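Spelled out from the first residue to the last, the chains are:
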Number of protein chains: 2
Amino acid sequence: MATISDIGVSAGINILSAFVFLVVFAVLRVQPWNDRVYFPKWYLKGLRTSPIESGTLVGKFVNLDFRSYLKFLNWMPEALRMPEPELIDHAGLDSAVYLRIYLLGLKIFVPIAVLAFSILVPVNWTNNTLEKTDLTFSDLDKLSISNIPLGSPRFWTHLVMAYAFTFWTCYVLKREYATVASMRLHFLASEHRRPDQFTVLVKNVPPDPDESVGELVEHFFLVNHPDHYLTQQVVYNANKFSSLVAEKRKCQNWLDYYQIKFSRNPSTKPTTKTGFLGICGARVDAIDHYTSEIARISGEISTEREKVVSNRDAIMPAAFVSFKTRWAAATCAQTQQSRNPTQWLTEWAPEPRDVYWDNLAIPYVSLAIRRLVIGVAFFFLTFFFMIPILFVQSLANIEGIEKAVPFLKPIIEMKVIKSVIQGFLPGLALKLFLIFLPSILMIMSKFEGFISLSTLERRSATRYYIFQFINVFLGSIITGTAFQQLDNFIHQSATEIPKTVGVSIPMKATFFITYIMVDGWAGVAGEILRLKPLVIYHLKNWFLVKTEKDREEAMDPGTIGFNTGEPQIQLYFLLGLVYAVVSPILLPFIILFFALAFVVYRHQIINVYNQEYESGAAFWPDVHGRIVGALVVSQLLLMGLMSTKEAAQSTPLLITLPVLTLWFHRFCKGRYEPAFVKYPLQQEAMRKDTLERAKEPNLNLKSFLHSAYVHPAFKEVDNEGDESDEDLVSTKRHQSKHSSKHSFSSLAEDPERSLL
Amino acid sequence: MATISDIGVSAGINILSAFVFLVVFAVLRVQPWNDRVYFPKWYLKGLRTSPIESGTLVGKFVNLDFRSYLKFLNWMPEALRMPEPELIDHAGLDSAVYLRIYLLGLKIFVPIAVLAFSILVPVNWTNNTLEKTDLTFSDLDKLSISNIPLGSPRFWTHLVMAYAFTFWTCYVLKREYATVASMRLHFLASEHRRPDQFTVLVKNVPPDPDESVGELVEHFFLVNHPDHYLTQQVVYNANKFSSLVAEKRKCQNWLDYYQIKFSRNPSTKPTTKTGFLGICGARVDAIDHYTSEIARISGEISTEREKVVSNRDAIMPAAFVSFKTRWAAATCAQTQQSRNPTQWLTEWAPEPRDVYWDNLAIPYVSLAIRRLVIGVAFFFLTFFFMIPILFVQSLANIEGIEKAVPFLKPIIEMKVIKSVIQGFLPGLALKLFLIFLPSILMIMSKFEGFISLSTLERRSATRYYIFQFINVFLGSIITGTAFQQLDNFIHQSATEIPKTVGVSIPMKATFFITYIMVDGWAGVAGEILRLKPLVIYHLKNWFLVKTEKDREEAMDPGTIGFNTGEPQIQLYFLLGLVYAVVSPILLPFIILFFALAFVVYRHQIINVYNQEYESGAAFWPDVHGRIVGALVVSQLLLMGLMSTKEAAQSTPLLITLPVLTLWFHRFCKGRYEPAFVKYPLQQEAMRKDTLERAKEPNLNLKSFLHSAYVHPAFKEVDNEGDESDEDLVSTKRHQSKHSSKHSFSSLAEDPERSLL
């Protein structure tokens, strides 16, 4: 058992290491040659140019202004300075609301911690139960509920506190839900014209022998929404086409490189080899070679485009249908079109850049089966993932390696290498699995058939949280694999489970404090350092970057990563709520995590991350639901713990807490969730339509919408010339209409013509 | 343990008693003086007139045509003869689909029984496990799974059968769901114009200091549905008004009575007393008295109407909003109107006669709280209902009565009376509770705030089924009160519960066979006899009926009673599915029940019941869901039973069954449920609109809709003259537009005018 001073030392070390991270960050960020690693967002926005191009030779790479080293923490106030509306404008609502999750943590836990330290800690401390027992204990345990004697009336304090904490959490949650809902509605209402406001995605268009998908869709909506239908855009299966486009881009890049090389050194014509990776095969003139290559691929691209557009099989039974008004799109998205509820399914079109194109054409029955398969697969992944890992581990020991590759035996038998293998290999399989887990979950979500990146990330986040809840939270409290726990739980009664878990909770406080410091504090401090992107950027810069466009691409701003970040925060919410009554000593560590993470992520969102899509904070119901879930878990575990403390009279009082909490959840769901899944007709649709009609009576909506939902590969071909600001366009959504206005018109204009 | 012959004797007795019922019914139904008891539906339809008015004196009351007694079972083929489309036309879709539940029972269980008797019964019979044990057993048990030795490979048969039964049930369920869904859509599409097709109920209209509810609604929809809004009808709180109307009706009835009396016997002027029940107070001239009473009440009614219409507090924040087209109503009902999802809630207006007027104005928060309260109350009702009953029983014993009313002691001490009290009283409290249970559940549903009678009945049915499942099914298998079971289950592990229940199942087969015979067979045979309505009708006829209208009212056709009937059928589905693998001997009894009930209820629906509303078979998702639930329960219990039989290798195979079944349920829910909750725009709305516009271009929809949703009390006042065919109007929906066209126009025309 760790004493308070142990924890203090550990905390000191962790704070120190976090501090070192921050200092290193402060030094690295002011170096001009790291500028693209620490401020990519501004490059993408076109608001910052490379500092390398100006200044002296040394000044290009090393910052010589020593004053900037002194103010090494001044990024913090800078990060906090940008007001929220500006932040929404700069980085989107998703990012701004994501930061509110950290704030929510502070709002919930700071008052709880104050209350707990002023009431619960004295009540716990002024007992001497632990001293009477033979158990070894520490000062830390004296602060927890373990120090209260069995059946003591002092448990009433904990009961009252459980109520107080629940009410406070629910109150904050409700207020936050209301705020986010109104932020979302305000964001949607105040936004500029966006194609997705007018567009509905129609899936499962039934096959028709006489008409093409495009015609069918047009006729259907002309009949059923006669006054409102504007235009439609069928969805093509353009996988081969996109790979051709990617190949062409690569050749173009090489051509640029050789042209620059030649212009710098006109004496020698650059040459290349035609074979594998340019290291074997016949030597040819590089510029000529790539020019002809590009010509060839361009030809293939246009053939392929013809084929895609004219081939019936390449047209998927889905379409983006646009309407004349927001009102019409809102009504169409929310209503059922056909008698058969598995055909003509309409839903809001995701933002163009949010669309996950591969999943647009999955039929209903297949979707249902995929959901079942993934459900079962996830169950096995969660509870049985240890089995293959144990198997790999059993293979990957010294004897196994020696048997498999006997000639390595002398090397392996060396003491240093042996100990490395023994210490490292068994953990490696598990570590690798955990690193790849988010990707595995993402693949599962993709297989399940969601049609937008935002939904994919949300679903992956849910699964990741469940995995962490079972394997990290429960797995740490009751030691053993998830499968053993499952086996235990199945053979225990419904009242035993909270008891089993509840009893172990106070004992694990030290472990979780360490966990918060290592995973939370150090993780956040590591996040701001961006070590991996830093290294990769410089490696790429040295070895691969040939043109300015390459440098642009070597820059990896990354995203918030909702599917991994949010479940981690949720784990801290869970720990905080569970330990608030049991061992309040955990709370300051969690509060520190939330505060640090808030500042760091605010900085990163402003300067680094480049959001891939904008869902308008559609993830908030998930966040809210998981916190409520954590609250219920904490109440059940407290109930289990109390019943072992012979404070049985508390059970009926404690059982009303989850009932009330679940009711609160249902209430909030009904009250606020529609703002996230529906689209109110009144303010959002009708008012904006009316306003727009008054302001721009001659607006040509058709040309505005016309190529919004063209497959990105098609778009790229048409945007060839200004490819370098492609990224810029997609982040600055107001510009997208200009850039797409004259793109790919022949295809989008009348996709059926070519099919007839 | 009952032997087969015991069961045979018992079955014989029950069949005989059912047969006696049927014979008595056959005799009673051909008597002219019972005509209104056994054929009220035809009277209400106006297609049958009293046979008493024609024929000889004796022939008026007793049927002298002896041939009709010989063909005493000819009502059966008659009941089966009417084809389904005609039945839908005659009694509505609800009734026709309700009958399909019985048919579904036959479709599921007849093939299952054939399979079980040809495979399972021989497999069970050809063991002699029971003979080897010391247990007393009967031939009946030899047919059941109990006769298979522990760990025998013969259990594979049961496993395969469980799969076969599950697949067959799911197949039939899916086909039936598809049929009913298409029947519903066809019914909705082929129907004549109905006000609810054009109307949406708007609830939770936010208060506005400047405008009345009517104005507010009108403005809101004029702004947000400018091209489609037609008219609106605010909802009044007319409780006092309706009681006045009822009083007036009573007086009118007395007046009619005395006028008839006077016209038959003009010599003596009829008199009445003004006091209580006409038996005390001053004697006055009856006709004058009631004429003046009616005049007084009429005055009060018009004052009250003024008050209701002009008083702001009497106007509830809800309104029926009608649109110009079905399409517009469909879109409005399915979309969210306002930013705040608790205001301007729109939903399909129920049929006018289906509206439950009292619940139209409950605000959102109150609804949420009511739901919580009723949820908790239902939990306690289900698990703790025995406590007050035990308390009453403890009071209502001999000693208790003697103590309370000592002077009755000599009477009570008489042997006959004592034994009656001892045998009768303890059961009385329970019996009374069970009789009143459906009404209690109905009151709970009403308190919960549903706005249509159909939803009220559906919700009550769900609750009644849960109650029966816990208290009848589980309560009979594991003897003990529900609370004791709950206590047991909480302290048992998840794997123990199916074991505990599963093990007791084979032993209870005899009990449930008796239950089916007594509750099912006799209950159904009793239903056709209509003993209670028969007695009440004749009592009323002798003592109360004064006028022809009274006789009309004394006729009590009753309804199907979905809230009590459906849960009973579901219990048989549950028993059938649970015992199909365990003790197939139960199946023939259940099949006989379904067959008998089908014929009897078909007869009753054709000749007796008068449906109160038409929901278009909206209850089918509930029916489907409960059968799937029963299937899952049967699989879990089989799993529990098998694991005690040392056939543990079957567990993984058996656990996939509930997973697949639940997946099947989700699939069906997505595939068919929208047909029951949404309203497809294509065929149902747009096509009908287009058709109608073509056929009746000059239709005045406004006048058609105009008074459709006026409170029934207001309507009655305006329809005064032709009150006698009020019931007729409400059953023959096509006529309702005629009768309501010129009613209550001053109020409905412009409800705001009077408010200003």
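Cut-off values and rules
- Residues numbered from 1 in each chain as written.
- Chains lettered and ligands numbered in written order.
- Predicted model: local features only at pLDDT ≥ 70, side-chain atom pairs only at ≥ 80, totals over all residues.
- Heavy atoms only, no water.
- UniProt positions renumbered as here; feature names shortened; annotations may be inferred.
- Helix = DSSP H or I, 4+ residues; strand = E, 2+ residues; numbered from the N terminus.
- Buried < 20%, exposed > 50% of the residue type's maximum accessible area, 1.4 Å probe, protein only.
- Contact = heavy atoms within 4.5 Å.
- Areas by Shrake-Rupley, 256 points an atom, 1.4 Å probe, with all protein chains shown as cover.
- Phe/Tyr/Trp six-rings, centres within 6.5 Å; stacked < 30°, edge-to-face > 60°.
- Least-squares fit on C-alpha atoms with pLDDT ≥ 70 in both.
- Axes fitted to C-alpha atoms, helices over the stretch in contact; angles between N-to-C directions.
- Parallel < 35°, antiparallel > 145°, perpendicular 65-115°, else oblique.
- Salt bridge = Lys/Arg side-chain N within 4 Å of Asp/Glu carboxyl O.
- Core = buried A, V, L, I, M, F, W, Y, C linked by side-chain atoms within 4.5 Å.
- Buried area = accessible area lost by both parts, 1.4 Å probe.
- Pairing = 2+ DSSP bridges.
- Left-handed = near helix turned anticlockwise from the far one by under 90°.
- Nonpolar A, V, L, I, M, F, W, Y, C, P; charged D, E, K, R; others polar.

On record in UniProt, under Subcellular location (unreviewed entry), the comment for chain A is "Membrane". Of the comments in the UniProt record for chain A, the one headed Sequence similarities (unreviewed entry) reads "Belongs to the CSC1 (TC 1.A.17) family."

Chemist: Please provide a residue-by-residue account of the overall build of chain A, values included.
Modeler: Helix and strand content of chain A: 38 helices and 6 strands. Within chain A, buried positions represent 54% of all 756 residues. In chain A, 81% of the contacts between residues at least 6 apart in sequence involve partners at least 24 apart. As displayed, chain A offers around 33,300 Å² of accessible surface, 64% of which is attributable to carbon and sulfur atoms.

Chemist: Describe in detail the packing of aromatic side chains, supporting the description with residues and values.
Modeler: Residue and element names in this part refer to chain A. Considering all chains together, one arrives at 72 aromatic pairs over all chains under this definition. Aromatic side chains phenylalanine 385 and phenylalanine 433 sit 5.0 Å apart centroid to centroid with 10° between the ring planes, which places their arrangement in the stacked category. With a gap of 48 residues between them, phenylalanine 385 in the loop between α17 (364–384) and α18 (386–395) and phenylalanine 433 in helix α21 (residues 415–448) connect regions that are remote in the sequence. We note that phenylalanine 385, like phenylalanine 433, is buried.

Chemist: Which residues make up the relation of the copies chain A and chain B, and what values do they have?
Modeler: The two copies are related by a screw operation: chain A maps onto chain B through 180° of rotation and 0.1 Å of translation along the axis, at an RMSD of 0.1 Å. The superposition of one copy onto the other is thereby described by a two-fold rotation axis. For chain A, the residue whose C-alpha comes nearest the rotation axis is Ser493(A), separated from it by 1.7 Å. Interface overlap between copies: 100% of the residues of chain A at the interface are likewise at the interface in chain B, consistent with a symmetric, same-surface contact.

Chemist: Please give an account of the packing of helix α24 (residues 496–504) of chain A against helix α30 (residues 620–644) of chain A that cites residues and values.
Modeler: All names here are of chain A. Two elements in contact, α24 and α30, have axes separated by 7 Å at closest approach and are oriented at 85°. Regarding the angle of α24 to α30, the classification is roughly perpendicular. Each of Pro498, Lys499, Val501, Gly502 and Val503 in α24 lies in contact with α30, whose residues at this interface are Leu636, Leu637, Gly640, Leu641, Ser643 and Thr644.

Chemist: Break down the pattern of salt bridges for me, with residues and values.
Modeler: Enumeration over the complete set of coordinates arrives at 26 salt bridges over all chains. For Arg100(B), the salt bridge is made with Glu84(B), and the minimal N-O distance between the two is 3.2 Å. In this pair, Arg100(B) is assigned in helix α8 (residues 93–125) and Glu84(B) in helix α7 (residues 84–91), connecting sequence segments 16 residues apart. One salt-bridge network, in which partners are shared between bridges, spans Glu84(A), Arg100(A), Lys107(A) and Glu176(A).

Chemist: Let's hear about the nonpolar core: which residues, and what values?
Modeler: In terms of nonpolar packing, the biggest core is built from 133 residues, with Tyr102(A), Phe473(A), Phe594(A) and Trp620(A) touching the most fellow members. Element by element, the count of residues in this core is highest for helix α8 (residues 93–125) of chain A, at 17 residues. Those residues within four positions of Trp620(A) in sequence are excluded, and the remaining contacts are Val97(A), Ile101(A), Leu104(A), Glu176(A), Tyr177(A), Val180(A) and Phe676(A). In terms of nonpolar packing, the next biggest core, distinct from the first, is built from 132 residues, Ile112(B), Leu486(B), Leu577(B) and Phe664(B) among them.

Chemist: Describe the interface of chain A and chain B, listing the residues and the values that go with them.
Modeler: Each partner contributes residues to the interface: chain A has 50 residues there, and chain B has 50 residues. Across the chain A to chain B interface the summed buried area is about 4,300 Å²; carbon plus sulfur atoms make up 61%. Looking at the side of chain A facing chain B, the largest losses of area belong to Gln336(A), Arg339(A) and Trp663(A), adding up to 17% of the total buried there. For the interface between chain A and chain B, the tally reads 0 salt bridges. Elements with a contribution of two residues or more to the side of chain A that touches chain B: α11 (155–190), α13 (213–224), α16 (326–334), α17, α31 (651–672) and α33 (681–695) of chain A. In terms of residue count, the dominant contributor to the side of chain A that touches chain B is α31(A) (8 residues).

Chemist: Tell me what's going on with the sheet that holds strand β1 (residues 199–203) of chain A, and back it up with residues and numbers.
Modeler: Residues and elements named next belong to chain A. Ordered by their spatial adjacency, 4 strands build an open sheet running β2-β5-β1-β6, and the pairing between neighbours is antiparallel. In this open sheet, the two strands that pair with only one neighbour each are β2 (229–236) and β6 (345–348). Taking each pair of neighbouring strands and ignoring which way they run, the sheet shows an average axis angle of 30°. Where β1 and β6 come together, 4 bridges link them in antiparallel fashion. Along β6, the bridge assignment pairs valine 200 with tryptophan 348.

Chemist: I'd like a description of the packing of helix α22 (residues 453–477) of chain B against helix α28 (residues 562–582) of chain B, backed by residues and values.
Modeler: Packed helices, taken two at a time, are described by their axes: the angle between them and the distance between them. Residue and element names in this part refer to chain B. It is the contact of α22 with α28, at a shortest axis distance of 8 Å, that shows an interaxial angle of 40°. With respect to each other, α22 and α28 are oriented oblique. Helix-helix and strand crossings are classified by hand; for α22 and α28 the assignment is right-handed. Contact with α22, carried on its side by Glu457, Arg458, Ser460, Ala461, Tyr464, Tyr465, Gln468, Phe469, Val472 and Phe473, involves Phe562, Asn563, Thr564, Glu566, Pro567, Gln568, Gln570, Leu571, Leu574, Leu575 and Val578 of α28 and no other residues of that element. Taken together, the residues of the contact of α22 with α28 break down into 12 nonpolar, 6 polar and 3 charged.

Chemist: Which residues make up the pairing of strand β1 (residues 199–203) of chain B, and what values do they have?
Modeler: Residues and elements named next belong to chain B. Burial analysis of β1 places 5 of its 5 residues in the buried class, which makes it a mostly covered element. Alternating positions in β1 separate into two faces, Thr199, Leu201 and Lys203 on one and Val200 and Val202 on the other, with burial throughout. Direction of pairing for β1 relative to strand β5 (residues 315–323): antiparallel, over a ladder of 4 bridges. In the sheet register, leucine 201 faces β5, and the bridge partner there is phenylalanine 320.

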